[in-house]
Amino acid sequence: MSDKQKQQLYVRTPLIESTALSKHASIKVYLKLENTQPTGSFKIRGISNLCKKAIEKGSKHIVSSSGGNAGIAAAYAARKLGVKATVVIPKSTPEFVAQKLRDENATVEYHGKVWDEANKRALEIASQSNGTIIHPFDHPDIWQGHSSMIEEIADDMTHKPDVLITVVGGGGLFCGVIEGLKKVGWNDVPVITIETVGADCYNAAVKKGELVTLDDITSVAKCLGALTACQQALDYYSQHEVHSVVVSDKEAVDACLRFTDEHRILVEPACGAALAGIYSNVIPKLQAQGKLQTVIQSAVVIVCGGCSITLEMLNKYKSKFGL
């Protein structure tokens, strides 16, 4: 393996106590700032792990399908590791995101309305070019990579949090969270998974007890936009204390706006969904329903980040939802 291929492509991110969110929730709220990764989101942890293992096996061409964050992570990893990258993105992907992919030396192709359609095209390209398909979320190497953030949290905290809050889309981050909790011996820490209405394939699967494929992604949180969650994410629901919650787009956008004001950090609505876990009082609501333990003194929120947002876009969402 070359020196290039040995390098770690993600960084250890800060874990901070948020005075503003702690005041709102009346508990200690800690933020894992994955928005500070070189690619702007947590995705680089798992994607880089999968890319490195593929290259170790001789791959010279990385092929990805993503609405943004996973694609940028794959393109960044390919550039840093010295191999070619092709990224297929849904037509709903903003042009500035496509340009970010090109800036990482990736070949960009638009295909389909949603990720699932783009992924079919990516599979075709990979098979035709002897490339390696890099799934955005459904692979054990990705979950293993994402689990590193929980190990960092455990290193930085003097005690276990009483609850952990994360978004869930296809389930890659969530699977990494559960694997990380197992690694550090925090098997009894409840996890609240949050989605937005219109991008809630995981919640639908939890309710039905089997994977559900949505007809379309209608939420503004496009980066939560997998039509179907991965099977492992659903399996973990029955193996760990997990509370699946759905918030509105308005709540997610409101969380983005408040977080920008309070922390000077711009995040996309997919990330705002996790922050809505605090701003929209999800913890006391679950407690009132008897679903979550009554004594909660601390929470960790994974600020997953995301590149598919600009100040102009957030202001448009603000107007759209009358905020």
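Each value, and the rule that gives it
Residues numbered from 1 in each chain as written. Predicted model: local features only at pLDDT ≥ 70, side-chain atom pairs only at ≥ 80, totals over all residues. Heavy atoms only, no water. Pairing = 2+ DSSP bridges. Helix = DSSP H or I, 4+ residues; strand = E, 2+ residues; numbered from the N terminus. Axes fitted to C-alpha atoms, helices over the stretch in contact; angles between N-to-C directions. Buried < 20%, exposed > 50% of the residue type's maximum accessible area, 1.4 Å probe, protein only. Contact = heavy atoms within 4.5 Å. Parallel < 35°, antiparallel > 145°, perpendicular 65-115°, else oblique. Left-handed = near helix turned anticlockwise from the far one by under 90°. Core = buried A, V, L, I, M, F, W, Y, C linked by side-chain atoms within 4.5 Å. 1 Å grid on protein atoms, 1.4 Å probe; cavity = no way out; pocket = protein on both sides within 12 Å on 5 of 7 lines; lining within 4 Å. Points joined across faces, edges and corners; volume = space filled by probe spheres on them. Nonpolar A, V, L, I, M, F, W, Y, C, P; charged D, E, K, R; others polar.

A. Examining the sheet that holds strand 10 (residues 298-303) more closely. Strand order across the open sheet formed by six strands is 1-2-10-7-8-9, with mixed pairing between neighbours. Strand pairing shows two members of the sheet lacking a second neighbour, strand 1 (15-17) and strand 9 (242-247), which therefore form its edges. On average, each strand axis in the sheet is tilted by 25° relative to the strand beside it, whichever way the strands run. The pairing of strand 7 (residues 163-167) with strand 10 spans three bridges and is classified as parallel. Bridging from a neighbouring strand, Leu164 pairs with Val300 of strand 10.

B. Representation of helix 10 (residues 201-208) in the model. Taken together, the buried positions of helix 10 are occupied by Cys201, Tyr202, Asn203, Ala205 and Val206. Those residues of helix 10 that are buried are in contact with helix 9 (172-183), strand 8 (191-196), helix 11 (231-237) and strand 9. In the segment just after helix 10, Gly209 is the residue with positive phi, at about 85°.

C. Summary view of the pairing of strand 4 (residues 84-89). Most of strand 4 sits inside the fold, with five of its six residues counted as buried. Note: strand 3 (residues 61-65) against strand 4, five bridges, orientation parallel. Across the sheet, the residue bridging to Ser65 is Val88, located in strand 4. Examined bridge by bridge, strand 4 and strand 5 (residues 107-110) share four bridges and lie parallel to one another. Bridge pairing links Thr86 to Thr107 in strand 5.

D. Broad picture of the packing of helix 12 (residues 249-263) against helix 15 (residues 311-320). One can describe the packing of helix 12 onto helix 15 by two numbers: an axis separation of 10 Å at closest approach and a directional angle of 125°. The orientation of helix 12 with respect to helix 15, classified from their angle, is oblique. The element helix 12 and its partner helix 15 pack so that their crossing is left-handed. In this structure, helix 12 contributes Val253, Cys256, Leu257 and Thr260 to the contact, and helix 15 contributes Leu314, Tyr317 and Lys318.

E. The arrangement of the nonpolar core in detail. With 108 residues, the main nonpolar core has Leu31, Phe174, Ile192, Leu275 and Ile283 as its most contacted residues. In terms of residue count, the dominant contributor to this core is helix 4 (residues 69-81) (nine residues). Look past the residues within four positions of Leu275 in its chain and what remains in contact with it is Leu21, Leu31, Ala255, Phe259, Val267, Val301 and Val303. Val63, Ala118, Ala122 and Ala126 belong to the second largest nonpolar core, which has six residues in total.

F. Looking closely at the layout of surface pockets. Taken as a whole, the second largest pocket encloses approximately 290 Å³ of empty space. Lining of the second largest pocket is provided by 17 residues; of these, Ser244, Val245, Leu286, Gln289 and Lys291 occupy positions nearest its centre. Here the lining of the second largest pocket gets six residues from one element, more than from any other, and that element is strand 9. Of the residues contributing to the lining of the second largest pocket, the split by class is eight nonpolar, five polar and four charged.

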